[in-house]
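Coordinate analysis (summary)
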Amino acid sequence: MIHPDSRRIIIFDTTLRDGEQSPGASMNLAEKMEVAQALADLGVDVIEAGFPIASPGDFLAVQKVAQSIRGPIICGLARCRDADIDRAWEALKDAERPRIHVFLATSAIHREHKLRMSKDDIIRRAVEGVRRAAGYCPDIEFSPEDAARTEIDFLCQVVEAAIDAGATTVNIPDTVGYATPAHFGRVIATLRQRVPNIDKAVISVHCHNDLGMAVANSLAAVESGAGQVECTINGIGERAGNCALEEVVMALRVRHDVFRADTNINSKRLVPTSRLVSSITGLHVQRNKAIVGQNAFAHESGIHQDGMLKEPTTYEIMRPEDVGLAMTDLVLGKHSGRAALADRAKALGYELSGEQLDAVFERFKVLADKKKEIYDGDIQVLIEQQSPVVSETWRFESYGISCGTGQTPQVTLALRKGDQPLTTTLSAGDGPIDALFLAMQKLTGIRTVCKDFNVHSVTVGEDAQGEVTVQLEYDGRLYRGRGVSTDSVEASARAFLTAINRIATLFHRDRQNSAGK
Ligand code: KIV
Ligand code: ZN
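Residues numbered from 1 in each chain as written. Chains lettered and ligands numbered in written order. Predicted model: local features only at pLDDT ≥ 70, side-chain atom pairs only at ≥ 80, totals over all residues. Heavy atoms only, no water.

1. Points about the overall build of the protein
Of the regular secondary structure elements, the protein holds 17 helices and 16 strands. Rg of the C-alpha trace for the protein: 25 Å, near the compact-globule value of 24 Å for 517 residues, within the 12% margin. Dimensions of the protein along its principal axes, counting C-alpha atoms only, are 75 × 65 × 45 Å. Taking all 517 residues of the protein together, the buried fraction comes to 53%. (Helix = DSSP H or I, 4+ residues; strand = E, 2+ residues; numbered from the N terminus. Rg over C-alpha atoms; globule rule 2.2 N^0.38 Å. Buried < 20%, exposed > 50% of the residue type's maximum accessible area, 1.4 Å probe, protein only.)

2. A closer look at the site of ligand 1
Taken together, Arg17, Asp18, His101, Phe103, Ser143, Glu145, Asn171, Pro173, Thr175, His206 and His208 are the residues near ligand 1. Within the contact set of ligand 1, an oxygen atom lies 2.9 Å away from a side-chain nitrogen or oxygen of Arg17. In this structure, an oxygen atom belonging to ligand 1 sits 3.1 Å away from a side-chain N or O atom of Asp18. Contact with the protein chains hides 94% of the accessible area of ligand 1, taken as 260 Å² for the molecule alone. Broken down by secondary-structure element, the contributors of at least two residues to the shell around ligand 1 are β5 (98-105), β6 (140-145) and β7 (169-174). (Near = heavy atom within 4 Å. Polar contact = N/O pair within 3.5 Å; in protein donor to acceptor, adjacent residues only side chain to side chain. Areas by Shrake-Rupley, 256 points an atom, 1.4 Å probe, with all protein chains shown as cover.)

3. Some thoughts on the coordination of the zinc ion (ligand 2)
Around the zinc ion (ligand 2), the protein contributes the donor atoms Asp18 (OD), His206 (NE2) and His208 (NE2), at 2.0 to 2.2 Å from the metal centre. Counting gaps between the donor residues of the zinc ion (ligand 2) yields the pattern D-x187-H-x1-H. Pair noted here: Asp18 is in the loop between β2 (10-13) and α1 (29-42) and His206 is in strand β8 (residues 202-207), with a separation of 188 residues, a long-range link. Given the relative accessible area of 5%, His206 is considered buried. (Donors = N, O, S within 2.8 Å, 3.2 Å for Na, K, Ca; no water.)

What follows is the structure, encoded as structure tokens:
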């Protein structure tokens, strides 16, 4: 609930656009739709769904989000070019509430080296872009890219011209994460003082995290009067990422005494949404990450634990349940029924249909036969895996390996392609995982380079499930895969195969798309 004396800050989520620009984080259409729905359920005000001119895949994603997601404003990005703006509108036109976001760089470095345009040219192009977009719909956002490094007098001039031309939101990006809180707060205050028509638009901020100050800079801007914050789930994005949505939202809420501002975000959905984005993008959330990290509410020190038992507020400034973290971690087992599973799923923030619950329950029983205690982490993995969004060209069947120190591994791998069983035996590789990876490439005919390989345990205990994430390089692009099993070698095989299936699906789709351009 929004505090009665609060200023309402608009939350503009760009996970699907700037967030997707994180290396290796590209999502397919089904994945983007799942994230878009989760963002709508979280209560974001604006979803930036993509950059329609960038690729046919981006166009399709923005169009599908615009056609299907109801509630938030749906936004598409465009440079100040006619073709970009027309394409953005084409993708957005079925949205309940469309927004076109046009941008043009304004800093001296960008003007001189990238655009080779004078200040007058920049103002002219910005005005033309905003006017063209405003011819399509009334909700127009304009961003002077690299605003934080733009001369303040020129920034004021550009912002004034963009508002005159029809911009209803002016977004001030710190594109390279160069600003500091005091500096960025001053930029916003100056715009409010010196731009005569500033009251006709919402001031937005878009901060990158290169110096680790994206959230601090965004909050300083809010203190100076910014009304919209652009952010991403888990702070993913170009290079060091963007302002983290969960951090800015909880900072505003917990420190209401300072900011006197709040958002429409349902904070209980923060952890489930963070997990969904992490599982779909393959970008792990560091354990000590504020708000959504695994350790964000863990108290290790005896003194802290003692204080917590006496009075939780001694060491806790927000409750885990406020951000959707179920701390009870009730253990389920093979005698637990469907109702108990449904109950835990609900407490973890998942609304499952009867059919989805049946599928998850079936896999829960299989897991419970292998593993005595099933924790919340296990249940989350079961739920997240129940609807693979990458089509499975090949399915994993089984593997066998014999290996040891100083021996060349012997591996047998069985996959299935449709109805056809495929088996290979190989004596190669440097250890069992490498041998499996080579066998996988031999059987599928897809040759890749493994760029990253990580093993984590999903929960605690010797029988905990192992979660393996991999990044494979194919034709200059990164594809990720994730596999979970109580056997970490099998989890590795499953992770490799998911990435290879992803290559088979996405590479094929992208080729078809570029052929149809
Ligand atoms: O960082 C940036 O400047 C951007 C703009 C397109 C808003 O992402
Ligand atoms: Zn950005």
